[in-house]
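Chain by chain, the residues:
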Amino acid sequence: MTTTNIDISAPKPKVNGEQMGLFSGKTVQLVLETTSNSEGGSVLKGKAADGMEVTAHLDQSLGAAPRSRFIEVEGVVTGPQEIKATNVASFGESVDLFAYNEMCKMLHAKGREMIL
Amino acid sequence: MSFNFGNDGATQFQGGGYGTNTGASGGDPSSYQKRQQEDSITPVTIKQISEATASSAEADEFALLTGKPIGLVTIVGKIVSKEETGAHKLLSVDDGTGACCCKEYPGEETAEGANEVTFETNEYVRVTGKLKSWNDARYIQVMNCRKITDFNEVAFHFLDAMYASSRFSNEKGSSVAAQATTATGAAPAAYAMPTSGNNPDAGGSLQEQLLAIYNNPSGPAAGDSGIEISEMCKLLGGKYTMDAVREAVEMLSNEGHVYSTITDDHHRSTSI
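Residues numbered from 1 in each chain as written. Chains lettered and ligands numbered in written order. Predicted model: local features only at pLDDT ≥ 70, side-chain atom pairs only at ≥ 80, totals over all residues. Heavy atoms only, no water.

Student: Just to check I follow, could you spell out the overall build of chain B for this structure?
Tutor: Helix and strand content of chain B: eight helices and 14 strands. Looking at the 272 residues of chain B, the share that counts as buried comes to 42%. Within chain B, residue pairs in contact and separated by at least 24 positions form 58% of the contacts whose partners lie at least 6 positions apart. (Helix = DSSP H or I, 4+ residues; strand = E, 2+ residues; numbered from the N terminus. Buried < 20%, exposed > 50% of the residue type's maximum accessible area, 1.4 Å probe, protein only. Contact = heavy atoms within 4.5 Å.)

Student: I tried to follow the overall build of chain A on my own but got confused; where do I start?
Tutor: Assigned secondary structure in chain A consists of three helices and six strands. When the helices and strands of chain A are placed in sequence order, the string is β-α-β-β-β-β-β-α-α. Within the span of chain A, comprising 116 residues, buried residues form 48% of the whole. Long-range pairs, those at least 24 residues apart, make up 52% of the contacts in chain A with a sequence separation of at least 6. Of the roughly 5400 Å² of accessible surface on chain A, 51% is carried by carbon and sulfur atoms. (Areas by Shrake-Rupley, 256 points an atom, 1.4 Å probe, with all protein chains shown as cover.)

Student: I keep staring at the pairing of strand β14 (residues 266–269) of chain B and nothing clicks. Help me out?
Tutor: Along a regular strand, successive side chains alternate from one face of the sheet to the other. Residue and element names in this part refer to chain B. Residues of β14 alternate between two faces, with His266 and Arg268 on one and His267 and Ser269 on the opposite face, all of them buried. In this structure, strand β12 (residues 227–228) lies alongside β14, joined through two bridges in antiparallel fashion. Bridge pairing in β14 places Ile227 opposite His267. One ladder, built from three bridges, connects strand β13 (residues 258–260) with β14; its direction is antiparallel. In the strand pairing of β14, Tyr259 is matched with Arg268. The antiparallel hairpin formed by β13 and β14 contains five residues in its connecting segment. (Pairing = 2+ DSSP bridges.)

Student: For this particular structure, what's the right way to read the sheet that holds β12(B)?
Tutor: In a beta sheet, neighbouring strands pair by backbone hydrogen bonds and run either parallel or antiparallel. Judged by pairing direction, the sheet is antiparallel, and its three strands sit side by side in the order β12-β14-β13 (chain B) without closing on themselves. Either end of the sheet is taken by a strand with one partner, and the two such strands are β12 and β13 of chain B.

Student: Can you help me understand the interface of chain A and chain B in this one?
Tutor: How big an interface is tends to be reported as the loss of accessible area on association of its parts. On the side of chain B, 39 residues touch chain A, which itself brings 34 residues to the contact. Each partner contributes to the roughly 2900 Å² buried at the junction of chain A and chain B, and carbon and sulfur atoms together form 61% of this total. Our count for the contact surface shared by chain A and chain B stands at three salt bridges. The salt bridge partner of B:Lys78 is A:Glu74, with a shortest N-O separation of 3.1 Å. At the junction of chain A and chain B, the tally comes to 14 residue pairs in polar contact (both at pLDDT 80 or more). (Buried area = accessible area lost by both parts, 1.4 Å probe. Salt bridge = Lys/Arg side-chain N within 4 Å of Asp/Glu carboxyl O. Polar contact = N/O pair within 3.5 Å; in protein donor to acceptor, adjacent residues only side chain to side chain.)

Student: Help me understand unusual backbone geometry, please; the structure alone is not making it clear to me.
Tutor: Phi is mostly negative for residues that are not glycine, and the peptide bonds are mostly trans. Residue and element names in this part refer to chain A. Notably, Gln81 is not glycine yet its phi reads approximately 65 degrees, a positive angle. Here Gln81 lies in the loop between β5 (70–79) and β6 (82–90). Judged by its relative accessible area of 35%, Gln81 falls in the partly exposed class.

Student: Sorry if this is basic, but what is going on with the pattern of salt bridges here?
Tutor: Oppositely charged side chains can form a pair if their charged atoms are brought close together. Residue and element names in this part refer to chain A. Under the counting rule described, the total for this entry stands at 14 salt bridges over all chains. The salt bridge partner of Lys12 is Glu74, with a shortest N-O separation of 3.5 Å. With Lys12 in the segment before β1 (14–15) and Glu74 in strand β5, this pair connects stretches of sequence that are 62 residues apart. Like Lys12, the residue Glu74 is buried in the burial classification. When the shortest N-O distance is used, the salt bridge between Asp59 and Lys84 registers 3.9 Å.

Student: Help me understand the packing of helix α6 (residues 206–214) of chain B against helix α8 (residues 242–254) of chain B, please; the structure alone is not making it clear to me.
Tutor: Each pair of packed helices can be described by the angle between their axes along with the distance between the axes. Residue and element names in this part refer to chain B. Where α6 meets α8, the closest approach of the two axes is 10 Å, and the angle between their N-to-C directions is 70 degrees. Accordingly, the angle class assigned to the pair α6 and α8 is roughly perpendicular. When you trace α6 past α8, the crossing you get is right-handed. Note on element contacts: α8 touches α6 through Ala244, Val245, Ala248, Val249, Met251 and Leu252, opposite Leu206, Gln207, Leu210, Leu211 and Tyr214. Along the lines of polarity and charge, the residues of the contact of α6 with α8 split into 10 nonpolar, one polar and no charged. (Axes fitted to C-alpha atoms, helices over the stretch in contact; angles between N-to-C directions. Parallel < 35°, antiparallel > 145°, perpendicular 65-115°, else oblique. Left-handed = near helix turned anticlockwise from the far one by under 90°. Nonpolar A, V, L, I, M, F, W, Y, C, P; charged D, E, K, R; others polar.)

What follows is the structure, encoded as structure tokens:
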């Protein structure tokens, strides 16, 4: 059911690999450039916007991860460089990770009040 | 289930949007300004529109926390749910800062089935529309909704939203400064001294006091040759030694605030 209101109770900030550490146990959105998609598609490895290697554990209910080069993983940060994905979506074949990383850094500095 | 929206942005934005100058000539400037605010599209996050203050509940007028009035807004996010009723279509869009309901009343083109685009959940879209409220619930009345195919647009949107927010804050800051100078009868430049005379007792560091005198367009330093350092010492009431003043002036010169004129001891502001 689509509700006619704005809900900001559960933010999912966009982060790079380094910023994941600040959101341990919280839900975040992370763009990964996939490097491997193994174990029947339940484990996804890739590089975050700042180049950090991150492992995403996908729930079986999510089905197969998109096959695109870049993937946006939404999930709970479970440890350093590890995330338990609750949602995955294609993020295209050509993304400027430098710009995305700069955007993440700025959002969590001067743009913090706009997102959290 | 498929879900359709009209996707003919070019025609939907006719008569509004960026760079519309209708009404600039001969019209009431305040109404032109108001119209410009209504026509301009502000890139925002959903958290920003959630925190926006309602300046007029009846007319659906809102202002962001920075004070910027918002007419049309544009957001970029993922579709989390969709629903179609007889009268309108509802999309819930989440941009990571929150989720917002977007409501579209089908126009003629969508009713005829032309230019229809199918949206699926978990897909990135850009939604442009008017922020509305009904029964204390806010939603966006969609004017245009389109899929995002180049995902650099996601980073672009958030950078754009930050830029728009800081630009308005800066504009507000400089307009306040300009008003202050106009009110006291001095030059309208934001950095000009807010009084018409020299006021070395105004406080601040030696450099600030020097700059105030140099930048005063009707003061003793405004002539073509500027002012000599010894003269400046006198204007400062003899509170500083000649060497201290010379050192401060050299620093201002190195930073580009003043330049030497007829001799090495004469300096003039670069700002007047």
